[in-house]
Amino acid sequence: MTQKTHHPVARIAHRLGTARPGERDLPEETAVALTYGGTTQAVMMATPADLVDFAVGFTLTEGIVDTAEAIDAVDIVELEDGIDVQIMLAEEADEKLAERRRHLAGPVGCGLCGIESLEGAVRQPPVVPASDLTLSPADIARAMGALSRAQPLHAATRAVHAAGLYAPGEGLVAVREDVGRHNALDKLVGALARRAIPATEGAIVLTSRVSVEMVQKAAAAGSPILLAVSAPTALAVRMAEAAGITLVAVVRDRDFEVFTHPERITDGTVDTGKVSHVA
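Remember, predicted model here, so these are calculated numbers, not experimental data.

Draft legend 1. Main features of the overall build of the chain. In terms of regular secondary structure, the chain is built from 8 helices and 12 strands. The long-range share in the chain, meaning contacts at least 24 apart out of those at least 6 apart in sequence, stands at 52%. Within the structure as shown, the chain displays about 13300 Å² of accessible surface, and the carbon and sulfur contribution to it stands at 52%.

Following this line, the structure appears as structure tokens:
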């Protein structure tokens, strides 16, 4: 990839009644087409980085394939108007997607991609696998604090989202950033799948609010705990309850609100965390 993730842009800053010219680094967003077998499934506005992770994660969280092994290859093709991410699937998965396309009633847009009905838009997510994972209030504070420190693009621009996976005793094991919160989560899921790191062994941590799509994607990844800095929607709470996900939101240091499956949040006060090593 040759495209930059951010650029300095001229601006005039008004501070305390005084105007001063200068520059601010702003994140880049690029039209990214996700193409399967020569047919575009979705076009997203995304940060032009970690696009193989994006392709793998989107393909998994949208239910196009069940495992990353069903993805044969991903090619990144830069075009004048954007980037075409060409995803080659194994034969059986390719046939399944072709059958799904034949049932689509209309064109595909971004957001809820490849959805052919109202029922599909609010589809029930899979129930996450049984897990012994628990977090203490110290773990929750540590996870959110570590995520805030592991965002170089946000540090430069103050304008992007991040998603990470936190494992007690290990810290953050992966983080991805993007201008879109859905994209950041897809990139994280793809990064985990490509490194064979099971999301079932950690909590997904988000810098955004929790919408229903974020819960659906977290459930597809299999993570039993979802932490977020902002509040969820009511439908997201119902989805998390049905999926067996512990939803913790409005995290501010050791203050937070638990909306579903509170049994995974302990009252432990012993701090045994280690320094994060993020990839």
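That was the structure; now back to the text.
Draft legend 2. Looking closely at the environment of V43. Tracing the backbone through its elements, the reader meets V43 in strand β4 (residues 39-46). When its relative accessible area of 41% is taken as the criterion, V43 is described as partly exposed. In sequence terms V43 and D84 are 41 residues apart; their C-alpha atoms lie 9.0 Å from each other.

Draft legend 3. Representation of the sheet that holds strand β7 (residues 161-167). Spatially, β8-β7-β9-β10-β11-β12 is the arrangement adopted by the 6 strands of the open sheet, whose pairing is mixed. In this open sheet, the two strands that pair with only one neighbour each are β8 (171-178) and β12 (255-258). On average, each strand axis in the sheet is inclined to that of its neighbour by 20°, with strand direction left out of account. Sheet analysis places β7 next to β8, joined by 7 bridges and oriented antiparallel. Counted as the bridge partner of G164 is V175 from β8.

Draft legend 4. Summary view of helix α8 (residues 234-243). What α8 keeps buried is the set A236, M239, A240 and A243. Along α8, the residues classed as buried sweep out an arc of 100° about the axis, all on the same side. Summarising the geometry of α8, the exposed residues directed more than 90 degrees from the buried face are A234 and R238. If you follow the buried residues of α8, they end up packed against α7 (212-221) and β11 (246-252). Where α8 terminates, the next one or two residues include G244, which has phi positive at roughly 80°.

Draft legend 5. Broad picture of the sheet that holds strand β3 (residues 30-36). With mixed pairing, 4 strands are arranged side by side in an open sheet as β4-β3-β6-β5. Pairing within the sheet leaves two strands with one partner each, and these edge strands are β4 and β5 (71-79). Ignoring which end each strand starts from, the neighbouring axes of this sheet average 20° apart. The pairing of β5 with strand β6 (residues 82-89) spans 8 bridges and is classified as antiparallel.

Draft legend 6. Summary view of the packing of α7 against α8. Where α7 meets α8, the axes come as close as 8 Å, and the angle between the chain directions of the two elements is 20°. Considering the angle they form, α7 stands roughly parallel to α8. Considering how the two elements wind past one another, α7 and α8 form a crossing that is right-handed. Contacts between α7 and α8 involve V212, V215, Q216 and A219 from the former and L235, A236, M239, A240 and A243 from the latter. Partitioned by chemical class, the residues of the contact of α7 with α8 number 8 nonpolar, 1 polar and no charged.

Draft legend 7. Spatial organisation of the nonpolar core. Ranked by internal contacts, the top residues of the largest apolar core, which has 52 residues, are V85, L89, I204, L226 and I245. Setting aside residues up to four positions removed in sequence, L89 forms contacts with Y36, T59, I64, V65, A70, I71, D72, D94 and L97. Core analysis: the second largest hydrophobic core is formed by 19 residues, L172, V175, I225 and I265 among them.

Draft legend 8. Layout of the pattern of salt bridges. Summed over the entire model, instances satisfying the criterion amount to 7 salt bridges. With a closest N to O distance of 2.6 Å, D178 and K187 form a salt bridge. Residues D178 and K187 agree in their burial class; the two are buried. Residues K217 and D186 are paired through a salt bridge, measuring 3.1 Å at the closest nitrogen-oxygen approach.

Draft legend 9. Highlighting a positive patch on the surface. A cluster of basic residues, R11, R15, R24 and R158, forms a positive patch on the protein surface. Relative to the helices and strands, R158 is located in the loop between α5 (152-157) and β7. Under the relative-accessibility criterion, R158 is labelled exposed at 59%.

The rules we used
Residues numbered from 1 in each chain as written. Predicted model: local features only at pLDDT ≥ 70, side-chain atom pairs only at ≥ 80, totals over all residues. Heavy atoms only, no water. Helix = DSSP H or I, 4+ residues; strand = E, 2+ residues; numbered from the N terminus. Contact = heavy atoms within 4.5 Å. Areas by Shrake-Rupley, 256 points an atom, 1.4 Å probe, with all protein chains shown as cover. Buried < 20%, exposed > 50% of the residue type's maximum accessible area, 1.4 Å probe, protein only. Pairing = 2+ DSSP bridges. Axes fitted to C-alpha atoms, helices over the stretch in contact; angles between N-to-C directions. Arc of directions from axis to C-beta. Parallel < 35°, antiparallel > 145°, perpendicular 65-115°, else oblique. Left-handed = near helix turned anticlockwise from the far one by under 90°. Nonpolar A, V, L, I, M, F, W, Y, C, P; charged D, E, K, R; others polar. Core = buried A, V, L, I, M, F, W, Y, C linked by side-chain atoms within 4.5 Å. Salt bridge = Lys/Arg side-chain N within 4 Å of Asp/Glu carboxyl O. Patch = residues over 30% accessible without salt bridge, like charges linked within 9 Å, V, L, I, M, F, W, Y side chains within 5 Å. Lys, Arg positive; Asp, Glu negative; His and termini not counted. Charge placed at Lys NZ, Arg CZ, Asp CG, Glu CD.

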